[in-house]
Every structure is written in C-alpha cells, then in structure tokens.
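# Examination of the molecular architecture
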Amino acid sequence: MIPDDAQSRYFTENPTPKALSKHEALVREFVEYHTSTDPERRVALVTSGGTTVPLENQTVRFIDNFSAGTRGATSAEYFLREGYAVIFLHRQYSLLPYSRHYSHSTNCFLDFMDDSGEGGNVVVRQEYQEKMRRVLEEYQYAKRNRLLLLLPFTTITEYLFELRSLATCLQPLHSRALFYLAAAVSDFFIPRDRMEEHKIQSSNVQDGKKTGDGKQLLINLDPVPKFLTTLVSQWAPEGSMIVSFKLETDPSLLVSKAEQALHKYGHDLVIGNLLTTRKWEVVFITKDGEERWVRVPKAKRSRSVSGIEELVGMADKNKRLDEEVDLNG
Ligand code: PAZ
C-alpha cells in the first residue's frame, strides 16, 4: 500500500530527530546480537508513555497527556520474564521496567533504606528486602544478557520517526518480532509551517472574541496522519504480531472503537481500556471477533502491585482466561 499524501508530507515536513540514527544503530546491533546468540529469540518493541505536542519550535510550552508509562513498563517486565528481548521506546523520564517499583512512587527511594547496616552502612530496610532482591535479580539478568534496550522520545514527531525506522530495523526478525503499542500517542499536532519559532508572547496573542479587549491564545491543531495501516502493511516485518491499545473515557464507545481499529488496520489484537479503570480491567478484541474482558478482582485492587498485566500473563499462558480471572470482580 502506498502511504497517503498526509503521511509522506509528515515525514518530509518535520525534522528528523537528532537521536534517530544512533537509535537505529543500537537496534540493528541488538537484533544482530540476539539473532546470532539465539536464533529463536523473540523481540518485542514496547512503546510507552505519552507524546508531547510542542507549541513553539524552541519549545517552552507543549501539550501533553496523562500517561506515566505504567502499562508499558510493567508489560515489558512480563515480556522479559517470558523470554523476549525488549526494545523499550518510551517517553523520556516516564516509568522504566524494574526501576518503576521505586521511582515516581509515593515513597521517596530513600524511604526504602536505612543506616542499620554494620558500622552504620546504608542497607535496604528489612520489609523491602524480599521484593527488592527479586526485582534486582530480574534486572541484573536482563542487563547481563543484554535483553533490554531503552530508547527515549519526547514529541509526537520523534515518536513517529522512531516507530517507522525501528520497525524497519526489525525486518530480519520476521515472525519473531512483536509490536506492543501502549504509548498514548497524540491525535493532533501543529504543522511545522504554522509553528512559532520563539516563545509565544502574551502581548502578541489575538484579540479575544468573548470580551472586547480580552486576549486569547488560539491554537489550530491538525490531525496526525494515521500510521497504523502503514506500520502493518509496510514497516513491520511480514508475519510479525502487532498489538495496539485503544483508550476511551466513555464506556459505551470502548468496544466499538476497538473493533473499528482492528478492522481498519488489520493487525492482530486491540486491547481496550478506560481511563478510570485501566489498571483493573481491559478488553481484548481479537481477529476471530471475540471480546474478552480481563479484570482484577475488587478485593485485590488496592494491594495489587503488579496490576492487571500479571493476570493477562497468567491467563494467556494457561489458556484459561475465564477461569483464571474473576470476571465479576
Ligand atoms: O501509562 P499508563 O499505564 O498510565 O496508561 C496506559 C494507556 C492507557 C496509555 C495504555 O493502556 C493505552 O491505552 N494506550 C493507547 C492510548 C491511545 O488510545 O492512544
């Protein structure tokens, strides 16, 4: 399929991210390394966190979204546990696999420690020992075996350039590549030719319509071209598996929107979730027309550390989704 005009223009009119060639080289090397050390190794490209929409070229202000990268970082750990090598394309400073247990949390990381060690040495507090040892072991295993590659992005444009290039770099993997697109990607952006170069000055904003002398900052956003079709038909290796997410806030739209996305883009799976319940329930919309809900039972919601990704992993492995997961939770 030939990319439409809007897509071609997007990549010619927006600047190539500075880090792109470095990231491509890292991914090629990662793919080569894993293909030569274990030809059976599957590789997941996990995208995570939100994309920004800059308002100025020399960016002082930008539009952002809520995503902290919990889904992506948590899922990446489960992919690693299942034997995948993971390329983690994430919003800079969002949650990362393993460190997510101790960063961005309500506790400061120093609260996990005290100086009760021999001679006043700083040690991990007793109540955190067991979990930290487990997390540390998994982290060190991933590091030793070069299983996790962290690549940051910030803007919507960086994200799309990265996705296109990295998908192409995964071509040698054929069906051993998996795309898990959990990033919250902006649907709107300001085209380059309409973007201010410098910080928008409050004195320059247009006269407001509401009040005679009031000023309003009016921003015109264009829709971001839909790239999933091209990812499926051109960028991604043939035979690879592509999983996308659909976020909604209106429960009555979730399933139909997720179904529409699956039909429109023709990939393998859409996982739907609602903003307010995303940590506790998701719906799988599969190619065979099935709608499968996975829910963390109510009693486990407040103390669940791993969240719903753990149940999805269990359910998937045992192929007993409905028995494993409390659907009335
Ligand atoms: O990062 P997070 O864990 O807070 O949120 C995850 C999520 C809701 C961004 C993800 O599950 C998702 O739905 N991503 C796709 C969003 C979209 O429709 O663009």
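Residues numbered from 1 in each chain as written. Predicted model: local features only at pLDDT ≥ 70, side-chain atom pairs only at ≥ 80, totals over all residues.

## A word on the overall build of the protein
Check the secondary structure of the protein and you find 10 helices and 14 strands. Out of the 329 residues in the protein, the part that is buried amounts to 32%. Here the contacts in the protein between residues at least 6 apart in sequence split such that 69% fall between residues at least 24 apart. (Helix = DSSP H or I, 4+ residues; strand = E, 2+ residues; numbered from the N terminus. Buried ≥ 20, exposed ≤ 12 C-beta atoms within 10 Å, placed from the backbone. Contact = placed C-beta atoms within 7 Å.)

## Here we look at the site of the ligand
The immediate surroundings of the ligand are formed by 13 residues, with Ser67, Thr70, Arg71, Phe245 and Leu247 found nearest. Mapped onto the shell around the ligand, the elements with two or more residues apiece are α3 (70-81) and β11 (241-248). Examining the composition of the shell around the ligand, we find that three residues originate from one element, β11, more than from any other. (Near = placed C-beta within 6 Å.)

## Overview of unusual backbone geometry
Glycine aside, a negative phi is what most residues show, and trans is what most peptide bonds show. Within the chain, Tyr93 stands out as a residue other than glycine whose phi angle is a positive 70°. The topology assignment puts Tyr93 in the loop between β4 (85-91) and β5 (113-114). The class of Tyr93 is partly exposed, set by 13 C-beta atoms lying within 10 Å. Of note in the backbone geometry, Tyr98 takes a positive phi value of approximately 75° without being a glycine. Within the secondary structure layout, Tyr98 lies in the loop between β4 and β5. Exposure remark for Tyr98: the 20 C-beta atoms within 10 Å place this residue in the buried category.

## Details of the nonpolar core
With 67 residues, the main nonpolar core has Val46, Val86 and Ile87 as its most contacted residues. Among residues more than four places away in sequence, those in contact with Val86 are Ala44, Val46, Ala76, Phe79, Leu80, Leu147 and Leu148. (Core = buried A, V, L, I, M, F, W, Y, C linked by C-beta atoms within 7 Å.)

## Observations regarding the environment of Glu56
Among the structural elements, Glu56 can be located in the loop between β2 (53-54) and β3 (62-63). By C-beta crowding, Glu56 is classed as partly exposed, having 15 other C-beta atoms within 10 Å. A sequence separation of 136 residues divides Glu56 from Arg192, and the C-alpha atoms of the two residues are 9.4 Å apart. Ignoring sequence-local partners within four residues, the contact set of Glu56 consists of Arg61, Met195, Glu196, Glu197, His198, Lys199 and Ile200.

## A short note on the sheet that holds strand β1 (residues 43-48)
What links the strands of a sheet is backbone hydrogen bonding, and the strands pair in either a parallel or an antiparallel sense. Spatial ordering of the open sheet is given by β7-β4-β1-β8-β11-β12-β13-β14, a layout of eight strands whose pairing is mixed. A strand with exactly one partner marks an edge of an open sheet, and here the two such strands are β7 (148-153) and β14 (291-295). Taking each pair of neighbouring strands and ignoring which way they run, the sheet shows an average axis angle of 15°. Bridging between β1 and strand β8 (residues 177-181) involves five bridges; their strand directions are parallel. Looking at β8, one finds that Leu45 is bridged to Phe179. Contacting β1, β4 and β7, helix α5 (residues 156-169) crosses the sheet at an angle of about 145° to β7. Sitting on the sheet, helix α7 (residues 251-265) is in contact with β11, β12 (269-274), β13 (281-286) and β14, with an inclination near 160° to β12. (Pairing = 2+ DSSP bridges. Axes fitted to C-alpha atoms, helices over the stretch in contact; angles between N-to-C directions.)

## Observations regarding helix α2 (residues 20-37)
Between its first and last C-alpha, α2 extends 26 Å over 18 residues, near the 26 Å set by a 1.5 Å rise per residue. If you check which residues of α2 are buried, you get His23, Val27, Phe30, Val31 and His34. For α2, the buried positions fall inside an angular range of 95° around the axis, keeping them on one side. Of the exposed residues in α2, the ones pointing more than 90 degrees away from its buried face are Ser21, Lys22, Ala25, Glu32, Ser36 and Thr37. Close packing links the buried residues of α2 with β1, β4, β7 and α5. (Expected span 1.5 Å × (residues − 1). Arc of directions from axis to C-beta.)

## Focus: the confidence of the model for the protein
Residues at a pLDDT of 70 or more form 89% of the protein, whose mean pLDDT is 90. Scored below 50 in pLDDT, residues 314-329 makes 22 contacts in the model with residues more than four places away or belonging to other chains. Predicted complex, confidence summary: ipTM 0.99, pTM 0.91. (pLDDT = per-residue confidence, 0-100.)

## Looking at the environment of Phe161
Mapping Phe161 onto the fold places it in helix α5. Judged by C-beta crowding, with 21 C-beta atoms within 10 Å, Phe161 ranks as buried. Distance from Phe161 to Thr12, taken between C-alpha atoms, is 11 Å for residues 149 residues apart in sequence.

## Some points on the pairing of β12
Along a regular strand, successive side chains alternate from one face of the sheet to the other. Summarising the sheet, β11 and β12 pair through six bridges and their orientation is parallel. Considered in β12, the bridge of Phe245 is made with Ile271. On the question of chirality, the crossover connecting β11 to the parallel β12 by way of α7 is right-handed. Pairing between β12 and β13: four bridges, direction antiparallel. In the strand pairing of β13, Gly272 is matched with Val283. (Right-handed = clockwise from strand over helix to strand, strands pointing away.)

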